[in-house]
Amino acid sequence: MPRLPSALPRLIPPPRLLTAIAHLQHHHPSSHLPRTSSHFQQQQRNVARALSTAAPAKPATEAPVGRTERARRAVFYVPGSDDRKLAKSRKLVADSLIYDLEDSVPLNRKGAARNAVFQALEQFDVGKSEKTVRINAVGSGLEVDDLSVVLRSRHVGALVVPKVQSPKDLEFVSRMIDSIAPEASRANIRVLACIESALGVLNIRDIANADARIDGLIFAAEDFAADTGLVRTPSRTEFLYARQRVATAASAFGLQAIDMVCVDYQNPDVLEEECREGREWGFTGKQAIHPNQLETIQRIFSPSPSDIERATKIVEGYQEHMKKGIGAFNLDGKMIDMPVVKWAERLLAKAKMMNEQSA
Ligand code: COA
Ligand code: MG
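Every chain begins its residue count from 1, and numbering advances along the sequence as written. Whichever chain is written first becomes A and whichever ligand is written first becomes 1, with later ones labelled in order. With the structure being a predicted model, the display of local features is reserved for residues of pLDDT at least 70 and the display and counting of side-chain atom pairs for 80 or more, all residues being used for whole-chain, interface and lining totals.

Turning our eyes to something else, we now look at helix H11 (residues 240-252). Secondary structure elements follow DSSP: runs of H or I no shorter than four residues count as helices, runs of E no shorter than two count as strands, and numbering proceeds from the N terminus. To estimate how far a helix should reach, multiply one less than its number of residues by 1.5 Å. The end-to-end C-alpha distance of H11 is 18 Å, a good match for the 18 Å that 13 residues give at a rise of 1.5 Å each. By definition, residue pairs are in contact when their C-beta atoms, positioned from the backbone, come within 7 Å. Looking at the buried positions of H11, the neighbouring elements they touch are strand E5 (190-195), helix H8 (198-202), helix H9 (204-208), strand E6 (214-219), helix H10 (221-228) and strand E7 (256-259). Positive phi appears at Gly 254, one or two residues downstream of H11, with a value of about 70°.

So this is what it looks like as structure tokens:
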């Protein structure tokens, strides 16, 4: 059994970690940071001073990173403080499992949850599912300890960063990955940024473009409602602007867009409707909180057999008409031209990628 890194937060940090910590102290002075020697504290102050006068920080990612082609249709939260649910996660089919250290874990269980999640990362066989961890928000005072524990595992596929307000939050997380994660797995760790405040929605362009590790944007409706004071309605119209902005920003930067949780988890009709709406708006996946949501989400965010059949007819029809010098043609009473062909090609590429992922 791997040794738990219980002493990790008290280690003397290497230089790159110092830089990350200095960055955090500069932007989030309230964070509770690991204790260091006075020599290192002086160094941190020097680095913080240097950072405050330097040009805006560039992403510090050292290893070459590229966008993954991994589908994330259902991304499923598993509370890190619930042993029964953690164990259950081994038997569930979801593209991504999010072992949660944030809002499903009470304050007095944060330490135990970190250790339980570390064990889940190290030991659980979850088949083709991706293992991800939602840390506590940058600036919460808990994030350094979260990262110091979970990043010791080689099995972190992605970090989910909640309550992202500015690109600096993600620059910090990426520096911590460079500082702490094992060299062999460092380059493969991706980041998913949660947009759950009015400021996050306003800053989304900079957030989406903050770091090469970012794979996707997640919209979190409940925190957004708490932040803005909007009134929740069954129509979800109150989220229209924020959700469409998230989906559009994700598309602009080639990222995945992961839609809100359906909290009405015992009502399959509401889930089905939310999934269809999200997919029609350009979301590529959806957060899930209960096992009974997984099949619907995985299915609706995959191209259906009829989508694939139609897309194939469009592409083949276009190639035939091209040979005759015709760019626009009729297929089953609808006009097909280049944008429709591009849409069809994109859908077929996505279907191929998802097939390969589940093969
Ligand atoms: N992860 C793993 N297993 C889960 C699960 C989850 N998120 N939600 C439910 N289960 C399991 C239960 O443990 C139970 O397993 P068992 O039959 O072996 O006992 C089974 O699925 C059925 O669960 P059920 O009894 O219907 O639900 P519950 O009352 O135990 O829990 C919730 C309901 C909403 C509290 C629970 O689904 C949950 O905690 N979801 C995640 C919440 C979360 O992470 N929120 C933060 C992100 S928004
Ligand atoms: Mg939240």
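Still more ground to cover, so stick around.
With that settled, consider the site of ligand 1. Note on definitions: a residue is near a molecule or strand provided its C-beta atom, placed from the backbone, lies within 6 Å of it. As a matter of local geometry, ligand 1 sits amid 15 residues, with Tyr 77, Lys 85, Lys 88, Ser 104 and Ile 289 nearest to it. Residue composition of the shell around ligand 1, by class: seven nonpolar, three polar and five charged. By the convention adopted, Pro, Cys, Tyr, Trp, Phe, Met, Ile, Leu, Val and Ala count as nonpolar, Lys, Arg, Asp and Glu as charged, and the other residues, Gly among them, as polar.

The next subject is the pairing of E5. The element E5 is largely enclosed, with a buried count of six among its six residues. With burial as the criterion, each face of E5 is covered, one bearing Arg 190, Leu 192 and Cys 194 and the other bearing Val 191, Ala 193 and Ile 195. Pairing between strand E4 (residues 158-161) and E5: four bridges, direction parallel. Bridge pairing in E5 places Leu 159 opposite Val 191. Here E5 pairs with E6 via five bridges, running parallel. Burial in this document is a count-based property: other C-beta atoms within 10 Å of a residue's C-beta are tallied, and the residue is buried at 20 or more, exposed at 12 or fewer, or partly exposed in between, with C-beta positions derived from the backbone. In this analysis, strands are considered paired if DSSP registers two or more bridges between them.

Turning next to the nonpolar core. Think of a nonpolar core as buried Ala, Val, Leu, Ile, Met, Phe, Trp, Tyr and Cys residues, each tied to the set through C-beta atoms within 7 Å. Within the largest apolar cluster, 77 residues are counted, with the highest numbers of intra-cluster contacts made by Val 161 and Ala 193. If you look at the next biggest cluster of nonpolar residues, it comprises five residues, including Ile 314, Tyr 318, Ile 336 and Ala 344.

Negative phi is the rule for most residues except glycine; trans is the rule for most peptide bonds. Of note in the backbone geometry, Lys 163 takes a positive phi value of approximately 50° without being a glycine. Residue placement: Lys 163 occurs in the loop between E4 and helix H6 (167-180). Of the residues examined, Lys 163 has 22 C-beta atoms within 10 Å and is grouped as buried. Positive phi values are uncommon outside glycine, yet Arg 236 reaches one of about 65°. You can see Arg 236 is positioned in the loop between H10 and H11.

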